[in-house]
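# Geometric and topological summary
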Amino acid sequence: DTAVSQTPKYLVTQMGNDKSIKCEQNLGHDTMYWYKQDSKKFLKIMFSYNNKELIINETVPNRFSPKSPDKAHLNLHINSLELGDSAVYFCASSQSAAGVTTDTQYFGPGTRLTVL
Amino acid sequence: AQKITQTQPGMFVQEKEAVTLDCTYDTSDPSYGLFWYKQPSSGEMIFLIYQGSYDQQNATEGRYSLNFQKARKSANLVISASQLGDSAMYFCAMRESNTGTASKLTFGTGTRLQVTL
């Protein structure tokens, strides 16, 4: 049983296209996240949802839009893809009890996006 | 200022030896958590170990232990009896409690560990 799953694992597309990445977790967690890992392996938070409510929205272009239909799913839609969007995108989830720093985040396998 | 600093871009260790991966952090929050993740070449992020700022003892999980020195703001990962399968990128990360329900992890730049025969 995969705890946090993402589809697709690989995504190759042309500049200007619109694409979506899907994420599902079966851990019963309340909070989900999207991180971006660049070509130098640096990981940075993009978005976070807690019980379907957006709670973190870092400085990310408007072309990126997360959607959480329920607390087990968090999708990432990207419009008008650019070369610089090429990266690995990780979904993660956590129980997220407020103020508790033990809140461990569990990551999905990642989606490698390549924009040509 | 960097919140998480990993000064070793790459490390080599011989099989069966112990290795220490360095991590220093910067926060003014009295309550925070420190995490280590492993990223093998297959790409997934695997949670290894957690240390809370108020924990009195260093965290241990199997062959992994965390050398937590609060006054020096360091949280080094120690891997004992290295195995070939330990070859991977290792990331140190921090969560500060002042973010409330916004449980954001801030990551370091990672250390690539190579275990040799």
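Residues numbered from 1 in each chain as written. Chains lettered and ligands numbered in written order. Predicted model: local features only at pLDDT ≥ 70, side-chain atom pairs only at ≥ 80, totals over all residues. Heavy atoms only, no water.

## A short note on the overall build of chain B
Of the regular secondary structure elements, chain B holds 0 helices and 12 strands. Along chain B, helices (α) and strands (β) appear in the sequence β-β-β-β-β-β-β-β-β-β-β-β when read from the amino end. By the compact-globule yardstick of 13 Å for 117 residues, chain B fits well, its C-alpha radius of gyration being 14 Å. Viewed in the frame of its principal axes, chain B has a C-alpha envelope of about 45 × 30 × 25 Å. A separation of at least 24 residues holds for 55% of the contacts in chain B among residues at least 6 apart in sequence. Computed over 10 positive and 10 negative side-chain charges, the inter-centroid distance for chain B is 4 Å. (Helix = DSSP H or I, 4+ residues; strand = E, 2+ residues; numbered from the N terminus. Rg over C-alpha atoms; globule rule 2.2 N^0.38 Å. Contact = heavy atoms within 4.5 Å. Lys, Arg positive; Asp, Glu negative; His and termini not counted. Charge placed at Lys NZ, Arg CZ, Asp CG, Glu CD.)

## Some details on the pairing of strand 10 (residues 88-96) of chain B
Residues and elements named next belong to chain B. The buried fraction of strand 10 is high, at 9 of 9 residues. Covered by surrounding structure in strand 10 are Ala88, Tyr90, Cys92, Met94 and Glu96 together with Met89, Phe91, Ala93 and Arg95, the residues of both alternating faces. In this sheet, strand 10 lies alongside strand 5 (residues 32-39) in antiparallel orientation, the contact comprising 8 bridges. When the sheet's bridge partners are listed, Lys38 is paired in strand 10 with Tyr90. Sheet analysis places strand 10 next to strand 12 (residues 111-116), joined by 3 bridges and oriented antiparallel. Across the sheet, Ala88 pairs through a bridge with Leu113, a residue of strand 12. As paired strands, strand 10 and strand 11 (residues 106-107) are joined by 2 bridges and run antiparallel to one another. Paired with Met94 across the strands is Thr106, a residue of strand 11. (Buried < 20%, exposed > 50% of the residue type's maximum accessible area, 1.4 Å probe, protein only. Pairing = 2+ DSSP bridges.)

## Remarks on the interface of chain A and chain B
Taken residue by residue, the interface counts 26 residues in chain A and 27 residues in chain B. Buried area between chain A and chain B, both sides added, is near 2,100 Å², and the carbon and sulfur share of it is 60%. Seen at the junction of chain A and chain B, the total is 2 salt bridges. The salt bridge involving Asp103 of chain A is made with Arg95 of chain B; its shortest N-O contact spans 4.0 Å. Our enumeration of links across chain A and chain B arrives at 3 residue pairs in polar contact (both at pLDDT 80 or more). Among the elements of the structure, strand 4 (31-37), strand 5 (43-50), strand 6 (53-57), strand 9 (87-94) and strand 10 (106-107) of chain A are those that each provide at least two residues to the side of chain A that touches chain B. Here the side of chain A that touches chain B takes 3 residues from strand 4 of chain A, the largest share from any one element. Here the side of chain A that touches chain B is composed, by residue class, of 14 nonpolar, 8 polar and 4 charged. (Buried area = accessible area lost by both parts, 1.4 Å probe. Salt bridge = Lys/Arg side-chain N within 4 Å of Asp/Glu carboxyl O. Polar contact = N/O pair within 3.5 Å; in protein donor to acceptor, adjacent residues only side chain to side chain. Nonpolar A, V, L, I, M, F, W, Y, C, P; charged D, E, K, R; others polar.)

## Notes on the environment of Pro30 of chain B
Residue and element names in this part refer to chain B. Note that Pro30 resides in the loop between strand 4 (24-25) and strand 5. Of the residues examined, Pro30 reaches a relative accessible area of 52% and is grouped as exposed. Between the C-alpha atom of Pro30 and that of Gln114, which follows or precedes it by 84 residues, the distance is 35 Å. Beyond its immediate sequence surroundings of up to four residues, Pro30 is in contact with Ser53 and Tyr54.

## A short note on the pattern of salt bridges
Inspection of the entire model under this criterion finds 9 salt bridges over all chains. Lys73 of chain B is paired through a salt bridge with Asp26 of chain B; the nearest N and O atoms lie 3.9 Å apart. With Lys73 of chain B in the loop between strand 8 (64-69) and strand 9 (74-79) and Asp26 of chain B in the loop between strand 4 and strand 5, this pair connects stretches of sequence that are 47 residues apart. Linked by salt bridges that have partners in common, Lys44 and Glu58 of chain A together with Lys104 of chain B make up one network.

## Brief notes about the packing of aromatic side chains
For the coordinates displayed, the defined rule picks out 15 aromatic pairs over all chains. Taking the centre distance of 6.1 Å and the plane angle of 75° together, the rings of Phe107 of chain A and Phe107 of chain B count as edge-to-face. Remark: Phe107 of chain B occurs in strand 11 and Phe107 of chain A occurs in strand 10; the pair is interchain, linking two chains. Note on accessibility: Phe107 of chain A and Phe107 of chain B belong to one class, buried. Of the aromatic side chains, those joined through ring pairs into one cluster are Tyr33, Tyr35, Phe90, Tyr106 and Phe107 of chain A together with Phe35, Tyr37, Phe47, Tyr50, Phe91 and Phe107 of chain B. The ring of Tyr64 of chain B carries the charged tip of Arg63 of chain B above its face, separated from the ring centre by 5.8 Å. (Phe/Tyr/Trp six-rings, centres within 6.5 Å; stacked < 30°, edge-to-face > 60°. Lys NZ or Arg CZ within 6 Å of the ring centre and 35° of its normal.)

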